[in-house]
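# Observations on the model geometry
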Amino acid sequence: MTEPPIAIEIDCETGVETVRPLTDQEIAQLELDIARAEAERQAKEQQESLELAERTALATWIAGQSTLPEAARNALARATGVTLPGGTG
């Protein structure tokens, strides 16, 4: 059996520390906060994956522009913030 979550409260004026179990409402809020944080983490991870895929696609496209001089491809890569395959840009 797990210990119930607790709250530790310190009276700033007296320095007295009080340890008490969380109320049902506090537990519900804690669970909601944890779920929200996890959803935000997953959304951020998904956004970062999407941005990486977009940067990779852009870098691949730039690298494939064989009609452009290499210096122009490198400049385009720098301007768009991507690294070309092979590390150039």
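Everything here concerns the structure above.
Predicted, not measured: the structure shown is a model, and the values here were computed from it.

## Examining a nonpolar patch on the surface
A surface patch of nonpolar side chains, amounting to about 390 Å² of accessible area, comprises Ile6, Ile8, Ile10 and Val19. For the nonpolar patch, the element with the most residues is strand β1 (residues 6–10), which contributes three residues. Checked against the element boundaries, Ile10 lands in strand β1. Under the relative-accessibility criterion, Ile10 is labelled exposed at 53%.

## Quick word on helix α2 (residues 70–80)
Note: α-helices contain 3.6 residues per turn, so residues at a spacing of three or four share the same orientation. Where α2 is concerned, the buried positions are Arg73, Asn74 and Ala77. The buried residues of α2 occupy an angular sector of 100 degrees when the element is viewed end-on, so they sit on one face. Seen from the open side of α2, the exposed residues pointing more than 90 degrees away from its buried face are Ala71, Arg78 and Ala79. Elements that come into contact with the buried residues of α2 comprise α1 (24–63). Positive phi appears at Gly81, one or two residues downstream of α2, with a value of about 75 degrees.

Cut-offs applied
- Residues numbered from 1 in each chain as written.
- Predicted model: local features only at pLDDT ≥ 70, side-chain atom pairs only at ≥ 80, totals over all residues.
- Heavy atoms only, no water.
- Patch = residues over 30% accessible without salt bridge, like charges linked within 9 Å, V, L, I, M, F, W, Y side chains within 5 Å.
- Areas by Shrake-Rupley, 256 points an atom, 1.4 Å probe, with all protein chains shown as cover.
- Salt bridge = Lys/Arg side-chain N within 4 Å of Asp/Glu carboxyl O.
- Helix = DSSP H or I, 4+ residues; strand = E, 2+ residues; numbered from the N terminus.
- Buried < 20%, exposed > 50% of the residue type's maximum accessible area, 1.4 Å probe, protein only.
- Arc of directions from axis to C-beta.
- Contact = heavy atoms within 4.5 Å.

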